[in-house]
Amino acid sequence: MSLLETHSLTCAFDDLIAVDHVTFNVEKTEVFGLVGPNGAGKSTMIKVLTTLRRPTSGTAIICGHDITQNPAAVRSMIGYVPQMVSADGDLTARENLMLYSKLVDVPSGERKSRTLEALEFMNLADVADKRVRQFSGGMIRRLEIAQSMLHRPAMLFLDEPTVGLDPVARASVWEHIMQLRDTYQTTILLTTHMMEEVENLCTKIGIMNHGKMIAIGTASDLKTASGNPDATLDEVFIKFAGAEQATPGGFEQAARSRRTARRLG
Amino acid sequence: MTLVGRFFMKAFAIVEVEMIKIRRDPTEILSRAIQPALWMLVFGQVMQHAKAIQTGKLAYMDFMAPGILAQSVLFTSIFYGLSAIWERDLGILQKYLVSPTPRSALVTGKAISAGIRGLIQSLFVYALSLALGVQLNWNPVSLLGGMVAIVLGAAFFSTFSLIIACIVKSRERFMGIGQVLTMPLFFASNAIYPISMMPTWLQVISKVNPLTYQVDLLRSTMIVGGTQAFSLGVDIAVLFGATIVAILIAARLYPGLAS
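On a predicted model such as this, the values are computed, not experimentally measured, just so you know. (Residues numbered from 1 in each chain as written. Chains lettered and ligands numbered in written order. Predicted model: local features only at pLDDT ≥ 70, side-chain atom pairs only at ≥ 80, totals over all residues.)

Draft legend 1. Looking closely at the overall build of chain B. The number of helices and strands found in chain B is twelve helices and zero strands. In terms of overall size, chain B behaves like a compact globule, its C-alpha atoms giving a radius of gyration of 18 Å where 259 residues would be expected to give roughly 18 Å. For chain B, the C-alpha atoms occupy an extent of roughly 55 × 35 × 35 Å along the three principal directions. Here chain B, with 259 residues, has 45% of them falling under the buried criterion. Nonlocal contacts in chain B, meaning residues at least 24 apart in sequence, comprise 82% of its contacts between residues at least 6 apart. (Helix = DSSP H or I, 4+ residues; strand = E, 2+ residues; numbered from the N terminus. Rg over C-alpha atoms; globule rule 2.2 N^0.38 Å. Buried ≥ 20, exposed ≤ 12 C-beta atoms within 10 Å, placed from the backbone. Contact = placed C-beta atoms within 7 Å.)

Draft legend 2. Broad picture of the nonpolar core. If you look at the biggest cluster of nonpolar residues, it comprises 143 residues, and the most contacted ones within it are Ile 62, Leu 143 and Ala 146 of chain A. Ranked by the residues each element gives to this core, the list is headed by helix 8 (residues 140-168) of chain B, at 14 residues. With residues up to four places along the chain from it excluded, the contact list for Leu 143 of chain A reads Ala 87, Ala 93, Asn 96, Met 122, Leu 124, Val 132 and Phe 135 of chain A. (Core = buried A, V, L, I, M, F, W, Y, C linked by C-beta atoms within 7 Å.)

Draft legend 3. Summary view of the sheet that holds strand 8 (residues 155-159) of chain A. All names here are of chain A. If you trace the six strands from one edge of the open sheet to the other, you get 7-8-9-4-10-11, paired in mixed fashion. Of all the strands in the sheet, the pair left with one neighbour each is strand 7 (78-81) and strand 11 (212-217). Going from strand to strand, the sheet's axes swing by 15 degrees on average, the running direction of each strand aside. Where strand 4 (residues 31-35) and strand 9 (residues 187-191) come together, four bridges link them in parallel fashion. Its bridge partner being in strand 9, Val 31 is matched across the sheet by Ile 188. Of the strands in this sheet, strand 4, strand 8, strand 9 and strand 10 (204-209) touch helix 1 (residues 42-49), which is tilted by about 150 degrees from strand 8. (Pairing = 2+ DSSP bridges. Axes fitted to C-alpha atoms, helices over the stretch in contact; angles between N-to-C directions.)

Draft legend 4. Structural detail: the pairing of strand 1 (residues 4-12) of chain A. Residue and element names in this part refer to chain A. Sheet topology places strand 1 next to strand 3 (residues 25-26); two bridges connect them, and they run antiparallel. Following the sheet pairing, Leu 4 is matched in strand 3 by Val 26. The sheet contact formed by strand 1 and strand 5 (residues 57-62) spans five bridges and is antiparallel. In the sheet register, Leu 4 faces strand 5, and the bridge partner there is Ile 62. Sheet topology note: the strand 1/strand 2 (residues 17-22) ladder contains three bridges and is antiparallel.

Draft legend 5. Representation of the interface of chain B and chain A in the model. Contacts between the two partners involve 20 residues from chain B and, on the opposite side, 24 residues from chain A. By residue number, the principal contributor to the side of chain B that touches chain A is helix 1 (residues 3-24) of chain B, which donates seven residues.

Draft legend 6. How the structure looks around the environment of Ser 76 of chain A. Along the chain, Ser 76 of chain A falls in helix 2 (residues 71-77). Measuring from C-alpha to C-alpha, the distance between Ser 76 of chain A and His 151 of chain A comes to 8.2 Å, with 75 residues separating the pair along the chain.

Functional significance is not addressed by these values, which are geometric in nature.
This is the structure:
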């Protein structure tokens, strides 16, 4: 059985269908990259899968639990790093981790050791007692990923983990994500706009547009499907997603992602 | 750990964080001491001399001190939801909501934090009252009763504020509504004049206003010779019941704040 499977998953707002009858699977230890133009429905998809928003119809099964029937069980199996900054800037890295270890049911005897392990794993041990406010964007992201891994979730959701980061920080975040998958066999679903990231690091790619999953496969599958096996993934993306169109919510989305970029940068 | 034990362990994790923040940056809570000082030094002194408000055997300053204490807690608590909107605009809220922590535990943690904040604030009002010669009641049981009134009042109004935050979702709208609510809540209560002085319609409103019960409980515990319009049991039952109902409503609405 797949670790994640969706069945005709649909999520509609008043005036648009953000996720439109999407069915796909993610297998264990896969790194699944969800790409698509702004407004394609990627963020809504992540919100529905992480139980932040209820689907209008259809459902998804994550680690054997139905997101509509038993969202609490799903929440105990997954980790989530939102696009926006989710670490508390007024606390130190250690305090952020200790707090979160309580919220995710790490046994009391293991909180300190898991916090320490997480700090070392993410190369944050020497800044453990500094306030997060003083961290660089890459350090904040690494801390957030460390937080989301404290309870050893089977599946991790990352919403644009490298948005707003410089190339060095981006490479470091990616390196840690891959290390984490190798160490803990975590299955990962992430969204991004960086085609080269997707190409080098994702084992499978899904392209969304207008709420639908329009193509799914490995990078070479998608290139072949686009009719030109030598195409770059950027070209494949443009081919599938089509020319730019005005989508609703564009202003707010742009404002939000630039705000996140500014906070991290 | 039992389900209840885990619930409170998580709620207190939220409380611990709030306490760390107050310790690191106490300026906000210190600045809250200014407003009650103005009320007592200006309004209280004038009214005491004018003898315009009949408060029986109590001096007006004695009558008003518990009301001003409740007011200072109210004015802070009613804007508590603002921090929830702030946490939503960052991404902290979303992350907490995806954790396996019950939403009611998150909300309860916030309510308890507001209660502790209220206790710290009340130290200023106590000190001020002492300086102004208010006849304070230092009986330990009475002090405990006063603390219950402060914690429950702060817990209720902060959770009420969280409910508003969940409904309006934006800082601007929230500030507007917060400003509109504070004064009516304050004036439609027994904080600075007895209920018996009010016209009937206002009496009805003030009797459904939890602030009235908080002030009533404070008035019977904080000052020497303070009397109660309701009984101790009624005051505590109303405050506690209102807080539980507010927490249940807020826990239901809280996830909606993320979308």
